Amino acid sequence: MKRLVIEEEKIIHNLEVIGEKSGGTPLIAVLKANAYGLGMLPMADLLRRQGVKRFAVTEPEDAVALRDGGFLEEEILMLRSTAVKEDIEKILSSTATAAIGSYDAAVALNGMAEEAGMVADVHVEIDTGMGRYGFEPSELERVLSVFRFMGNLHVTGMFTHFPSAFASPKATRAQYDKLVEMAAKVRQAGFDPGMLHAANSAALFRCDLPSLDGVRIGSAIGGRTTAKGDTGLQKTGRLESQVAEVRWLPAGHGVGYGPAFVTKRPTKIAVIPVGYADGFMVEKGRDAFRFRDSLRYALGDMMKWLRRKKFYVTVGSRRVRVLGHVGLNHTTVDVTDIDCQPGEIALFDVSPMFVPPSIPRVYR
């Protein structure tokens, strides 16, 4: 038995914290990556029961899944621009609000909407520094061409995304200003840019930005954010499994591959069928190697070694130490000092993002 348990009361608490921090600004709940691993459809259902009316996704298939799952009245915003025919077909069939971040994407969407006899709602994406999707602030005339010449597109919003909100409030405020300036230029040209939104979870909790028309919040709903300090959020999403085996090892016995741990005394161990394939002890790979990044990685690893950092899981009501390497499908823990039997529930602190979809999400 394995399951990822999500406590509904913690989600509700986090929504209250987000509402207080944003001053009641309307929430766009980001459900990308299976709602950050917490389960898109059950999360959307809980959020709808709490009054959330706008969702955002990055994959056209997710917009279709939400509509098929009974979310017929809620606005669904696509967060990435695309000129791919198959993507646009799904966006139109699900009546999602499309993001357009380039002239090519706008032309493709307008043409297909015209063929389908539809007028598609769109939000214009402005690239203020993220470098992925979006019109550059210098492309005002291309943005205005959407309003002037693309009759099958109805602009209902404009937005940007912050890459450095977790680290640089100053840079983030400069990006905010670029979005507001672009919206002002659109108004000066006689058009309505619609609702403006920019703040992600890190920006909401770290950067003191003036309110726009909406805040886009994803990870903070589950209590996780890159913003430092006490946010008042509560983490949810714990992995549960059962102890499969309990046995004694003599002194001098290795545990796991390597072995990275050798017993110094007779030790009672419990083996739990959870490993890194289930999301335990998994972290995002290092994908940037500027000098300062490499130095930070090296210093971090050195500090962990100096502190002899240990890792724990909870068995029953007691924290117990992980012994040796965590395997693909198994974790071994020291239960010498506690009463532990096969079948007992073990709790793992994991990032839900790394828990595979094959493991059920259970909302309580």
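Quick look at the structure, then. Counting restarts for each chain: residues are numbered from 1 in the order of the written sequence. Two thresholds apply to this predicted model, a pLDDT of at least 70 for residue-level local features and 80 or more for giving and counting side-chain atom pairs, whereas whole-chain, interface and lining totals are computed over all residues. Excluded from the side-chain calculations are hydrogens and water; all other atoms, namely the structure's heavy atoms, are used.

1. Overview of the packing of aromatic side chains
Given two aromatic rings, their pairing is described by the distance between the two centres and the angle made by the two planes. Put simply, two rings from Phe, Tyr or Trp (the six-membered ring, in Trp's case) pair if the centres are within 6.5 Å, and we call them stacked under 30 degrees between planes, edge-to-face over 60, tilted for the rest. A complete count under the given rule lists three aromatic pairs for this structure. A ring pair is formed by Phe55 and Phe71, whose centres lie 5.9 Å apart and whose planes are at 80 degrees; its orientation type is edge-to-face. With Phe55 in strand E3 (residues 54-57) and Phe71 in the loop between helix H4 (60-68) and strand E4 (75-81), the pair connects residues that are 16 residues apart, well separated along the chain. Burial here depends on accessible area, computed with a 1.4 Å probe over protein chains only, as a share of the maximum for the residue type. Under 20% is buried, over 50% is exposed, and the range in between is partly exposed. For Phe55, a relative accessible area of 0% translates into the label buried. Ring centres of Phe280 and Phe348 lie 4.8 Å apart, and the angle between their planes is 75 degrees; this geometry places the pair in the edge-to-face category. With Phe280 in the loop between strand E14 (267-272) and helix H10 (291-306) and Phe348 in strand E18 (residues 345-349), the pair connects residues that are 68 residues apart, well separated along the chain. For Phe280, a relative accessible area of 3% translates into the label buried. The criterion for a charge sitting over a ring is simple: Lys NZ or Arg CZ within 6 Å of the ring centre, and within 35 degrees of the ring normal. Between Arg319 and the ring centre of Tyr312, over which it is positioned, the NZ or CZ distance is 4.2 Å. In this text, helices come from DSSP runs of H or I with a minimum length of four residues, and strands from runs of E with a minimum of two, each type numbered from the N-terminal end.

2. Some points on the sheet that holds strand E16 (residues 318-321)
The pairing criterion for strands is at least two bridges between them, as found by DSSP. Spatially, six strands are ordered E16-E15-E18-E10-E1-E19 in an open sheet, and the strand pairing comes out mixed. The sheet terminates laterally at E16 and strand E19 (361-363), the two strands that pair on one side only. Direction aside, neighbouring strands of the sheet carry axes that sit 35 degrees apart on average. Where strand E10 (residues 238-242) and E18 come together, five bridges link them in antiparallel fashion. Following the sheet pairing, Ser241 is matched in E18 by Ala346. Axis angles are defined between N-to-C directions and span 0 to 180 degrees, where every axis is a line fitted to C-alpha atoms and, for a helix, only to the segment in contact.

3. Looking at the pattern of salt bridges
By convention in these notes, a salt bridge is any Lys or Arg side-chain nitrogen within 4 Å of a carboxyl oxygen on Asp or Glu. Per the counting criterion, the structure on display carries 16 salt bridges. Of the charged contacts, one joins Asp278 and Lys2 as a salt bridge, the two residues approaching to 3.1 Å between their closest N and O atoms. One end of the pair, Asp278, is in the loop between E14 and H10; the other, Lys2, is in strand E1 (residues 2-6), with 276 residues separating them in the sequence. Classification of Lys2 by relative accessible area gives partly exposed; the value is 27%. Note that Asp87 and Arg80 form a salt bridge whose closest N and O atoms lie 3.5 Å from each other.

4. Here's the deal with the sheet that holds strand E2 (residues 27-30)
With respect to topology, eight strands assemble into an open sheet ordered E8-E7-E6-E5-E4-E3-E2-E9, the strand pairing being parallel. The open sheet has two edge strands, strand E8 (195-197) and strand E9 (215-217), and neither has a second partner. Strand-to-strand, the axes of this sheet are offset by a mean angle of 30 degrees, without reference to chain direction. In terms of strand pairing, E4 meets strand E5 (residues 97-100) through two bridges, oriented parallel. Bridge pairing in E5 places Leu77 opposite Thr97.

5. Here's the deal with the nonpolar core
To define a nonpolar core, start from buried Ala, Val, Leu, Ile, Met, Phe, Trp, Tyr and Cys residues and group those joined through side-chain atoms within 4.5 Å. Ranked by size, the top nonpolar core spans 91 residues in total, and within it Leu31, Leu47 and Met158 carry the most contacts. Contact definition: two residues touch when any of their heavy atoms are within 4.5 Å. With sequence-adjacent residues up to four places away left out, Leu47 is seen in contact with Ile11, Leu15, Ala29, Leu31, Val52, Phe55 and Ile221.

6. Some thoughts on a nonpolar patch on the surface
Patch members must show over 30% relative accessible area and no salt bridge, and they are joined within 9 Å when carrying like charges or within 5 Å when they are nonpolar side chains of Val, Leu, Ile, Met, Phe, Trp or Tyr. Here the Shrake-Rupley method, with its probe set to 1.4 Å, supplies the accessible areas, and only the displayed protein chains count as covering residues. On the surface, Tyr276, Val282, Leu328, Met353 and Phe354 cluster together into a nonpolar patch covering about 420 Å² of accessible area. Along the chain, the position of Tyr276 falls in the loop between E14 and H10. With relative accessibility at 43%, the residue Tyr276 sits in the partly exposed group.

7. Some details on the packing of helix H3 (residues 40-49) against H4
Working note: a packed helix pair is described by the angle between its axes plus the distance between those axes. At their nearest, the axes of H3 and H4 sit 10 Å apart, and the two run at 60 degrees to each other. The angle between H3 and H4 falls in the class oblique. Here H3 and H4 pass one another in a crossing that is right-handed. Contact with H3, carried on its side by Met40, Leu41 and Ala44, involves Asp62, Ala65 and Leu66 of H4 and no other residues of that element. Polar here means any residue other than Ala, Val, Leu, Ile, Met, Phe, Trp, Tyr, Cys and Pro, which are nonpolar, and Asp, Glu, Lys and Arg, which are charged; Gly is therefore polar. Residue composition of the contact of H3 with H4, grouped by class: five nonpolar, no polar and one charged. With respect to orientation, any angle under 35 degrees is reported as roughly parallel, any angle over 145 as roughly antiparallel, any angle of 65 to 115 as roughly perpendicular, and every other angle as oblique. Crossing handedness: left-handed means the near helix sits turned counterclockwise from the far one by under a right angle, and right-handed means the same turn made clockwise.

8. Points about helix H8 (residues 169-188)
Each residue after the first adds 1.5 Å to the expected span of a helix. If you check H8, its first and last C-alpha atoms are 28 Å apart, about what 20 residues at 1.5 Å a residue would give, namely 28 Å. Among all positions in H8, only Thr172, Gln175, Tyr176, Leu179, Met182, Ala183 and Val186 are buried. Buried residues of H8 fall within an arc of 120 degrees about the axis and therefore sit on the same side. What points out from H8, more than 90 degrees from its buried face, is the exposed set Lys170 and Gln188. Elements that come into contact with the buried residues of H8 comprise helix H7 (140-149), strand E7 (153-159) and E8. Downstream of H8 by a residue or two, Gly190 has a phi angle that is positive, lying close to 95 degrees. Along the arc lie the directions from the helix axis toward the C-beta atoms.

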